Amino acid sequence: MLLYFIISQAFPKPIGFVNDYANILNENQKSELENQLVKLEKNTTIELAVAIFDSIGYPIEEYANLLFEKWGIGKKEKDNGILIVLSIKEKSVRIEVGYGLEEIITDGIAGEIIRKSMIPYFKEGNFYLGLKSGIEEISKKVQSNGIESANKEEKPINIFYGLIIMFFVSMFLGYIGIILAIFFFIAFLLSKSLHILLLSLGSFIGAIFGIIFFKNTLVLGRVRSSRYSFGGGFGSSGGFGGFGGGLSGGGGATGKW
């Protein structure tokens, strides 16, 4: 019956990585935490969300798991999401971990982060520093396991240098090839030399390959430019576009202060 009421209630919609429904953080604090989580997602693809409530009224373990599923935190194909839920009146905090991160952020590690990095600040009423400290520890754990390089298989600067080289090579093969083909063909008409005819045909074939190469270079350039756009994970308009559809298996830990 309890789970029925939890499931049937309207969960709030996420407005970003940091969702302070209790209004315990000021704008600067929210902005700093948000930027920290945006950077984590950009570097690792991991989506770490924070949800702060004045009161939940339900066991925080069940609520966090259902909220995780409702929001779909983490990438769908990786299930690499993490959710930190804070309930102020119940004085409880929960770290809910997605399937894909359970071997890195184990229940024991999540509990240790809560006890050592978050609870001491929460007891003092400093929720900002407690969250910041917890986020930093989680980030260290995932990055120390090699996840930091997940999005860095290709460096944009190297890609674009390569595209520039491809562009000029294709222009040379295409346009210069056409000019040479015409030149050698005129020379063949005047001299009737088979060697010059072969040079004309070779230049013409090179021109065709150059034009094809040039077209593919433009297509590849558009794809790479789209992939490495500087809009971040919030879309071109700057608004939060939601999470990636990840799942949680119920792993994590809970703490009280």
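How each quantity is defined
- Residues numbered from 1 in each chain as written.
- Predicted model: local features only at pLDDT ≥ 70, side-chain atom pairs only at ≥ 80, totals over all residues.
- Heavy atoms only, no water.
- Helix = DSSP H or I, 4+ residues; strand = E, 2+ residues; numbered from the N terminus.
- Buried < 20%, exposed > 50% of the residue type's maximum accessible area, 1.4 Å probe, protein only.
- Contact = heavy atoms within 4.5 Å.
- Areas by Shrake-Rupley, 256 points an atom, 1.4 Å probe, with all protein chains shown as cover.
- Pairing = 2+ DSSP bridges.
- Axes fitted to C-alpha atoms, helices over the stretch in contact; angles between N-to-C directions.
- pLDDT = per-residue confidence, 0-100.
- Salt bridge = Lys/Arg side-chain N within 4 Å of Asp/Glu carboxyl O.
- Patch = residues over 30% accessible without salt bridge, like charges linked within 9 Å, V, L, I, M, F, W, Y side chains within 5 Å.
- Parallel < 35°, antiparallel > 145°, perpendicular 65-115°, else oblique.
- Nonpolar A, V, L, I, M, F, W, Y, C, P; charged D, E, K, R; others polar.
- Core = buried A, V, L, I, M, F, W, Y, C linked by side-chain atoms within 4.5 Å.

A. Quick peek at the overall build of the chain. If you tally the helices and strands in the chain, you get seven helices and five strands. Taken from N to C terminus, the helices and strands of the chain fall in the order α-β-α-β-α-β-β-α-α-α-α-β. The burial tally for the chain puts 40% of its 257 residues in the buried class. Pairs at least 24 residues apart make up 75% of the contacts formed inside the chain by residues separated by at least 6 positions. In the form shown here, the chain has an accessible surface area of approximately 14,400 Å², with 61% of it arising from carbon and sulfur atoms.

B. A look at the sheet that holds strand 2 (residues 47–53). In spatial order, the strands read 1-2-3-4-5; together these five strands make up an open sheet with mixed pairing. Looking at which strands have only one partner, the edges of the open sheet turn out to be strand 1 (18–20) and strand 5 (248–256). Taken over all neighbouring pairs, the strand axes of this sheet differ in orientation by 15° on average, direction set aside. Here strand 4 (residues 92–98) runs beside strand 5; their pairing, made up of seven bridges, is antiparallel. Counterpart to Glu-96 in the pairing with strand 5 is Gly-252. Sheet strands touched by helix 3 (residues 60–71): strand 1, strand 2, strand 3 (81–87), strand 4 and strand 5. Its angle to strand 4, the strand with the most contacts, is close to 45°. Packing against the sheet, helix 5 (residues 127–144) makes contact with strand 2, strand 3 and strand 4, and its axis sits at approximately 160° to strand 3.

C. Fine view of unusual backbone geometry. Phi is positive for Asn-23, close to 55°, though the residue is something other than glycine. The residue Asn-23 is located in the loop between strand 1 and helix 2 (27–44) in this model. Backbone geometry places Thr-45, a non-glycine residue, at a positive phi of 75°. Position of Thr-45 relative to the elements: it lies in the loop between helix 2 and strand 2. Judged by relative accessible area, Thr-45 falls into the buried class, the value being 8%.

D. A look at the confidence of the model for the chain. With 64% of its residues at a pLDDT of 70 or more, the chain shows a mean pLDDT of 79. Low pLDDT, under 50, characterises residues 149–157; the predicted model gives this stretch 13 contacts beyond four residues in sequence or across chains.

E. Up close: the side chain of Ser-117. Here Ser-117 is to be found in helix 4 (residues 107–123). With residues near it in sequence (within four places) discarded, Ser-117 still touches Glu-112, Gly-130, Ser-133, Gly-134 and Glu-137.

F. Broad picture of the pattern of salt bridges. Here the structure, examined in full by the defined rule, presents eight salt bridges. The partner of Lys-75 in a salt bridge is Glu-41, and the shortest N-O contact between them spans 2.8 Å. Here Glu-41 lies in helix 2 and Lys-75 lies in the loop between helix 3 and strand 3, a separation of 34 residues in the sequence. Ionic pairing is found between Glu-137 and Lys-140, a salt bridge with its closest N-O pair at 3.5 Å. Linking Glu-137 with Lys-140, this pair stays in helix 5, spanning three residues, or about one helical turn. Members of the salt-bridge network, linked through shared partners, are Glu-41, Glu-47 and Lys-75.

G. Summary view of a nonpolar patch on the surface. Side chains of Ile-178, Ile-182, Ile-186 and Leu-190 sit close together on the surface and give an oily, nonpolar patch of about 410 Å² of accessible area. On the accessibility criterion, Ile-186 (46% relative accessible area) is partly exposed.

H. Inspection of the packing of helix 2 against helix 5 at higher detail. Put simply, helix 2 and helix 5 touch, their axes get as near as 11 Å, and they point 10° apart. Between helix 2 and helix 5, the crossing angle belongs to the class labelled roughly parallel. Contacts between helix 2 and helix 5 involve Gln-29, Glu-32, Leu-33, Gln-36, Leu-37, Leu-40 and Thr-44 on the former and, on the latter, Tyr-128, Leu-131, Lys-132, Ile-135, Glu-136, Ser-139, Val-142 and Gln-143. Classifying every residue of the contact of helix 2 with helix 5 gives seven nonpolar, five polar and three charged.

I. Just the nonpolar core, in detail. Grouped together as the largest cluster of nonpolar side chains are 51 residues, with contacts concentrated most on Ile-84, Ile-95 and Leu-131. Of all the secondary structure elements, the ones that give two or more residues to this core are helix 2, strand 2, helix 3, strand 3, strand 4, helix 4 and helix 5. With seven residues, helix 3 is the largest single contributor of residues to this core. The residues contacting Ile-84, other than those within four sequence positions of it, are Leu-48, Ala-49, Val-50, Ala-51, Val-93, Arg-94, Ile-95, Met-118, Leu-131, Ile-135 and Ile-138.

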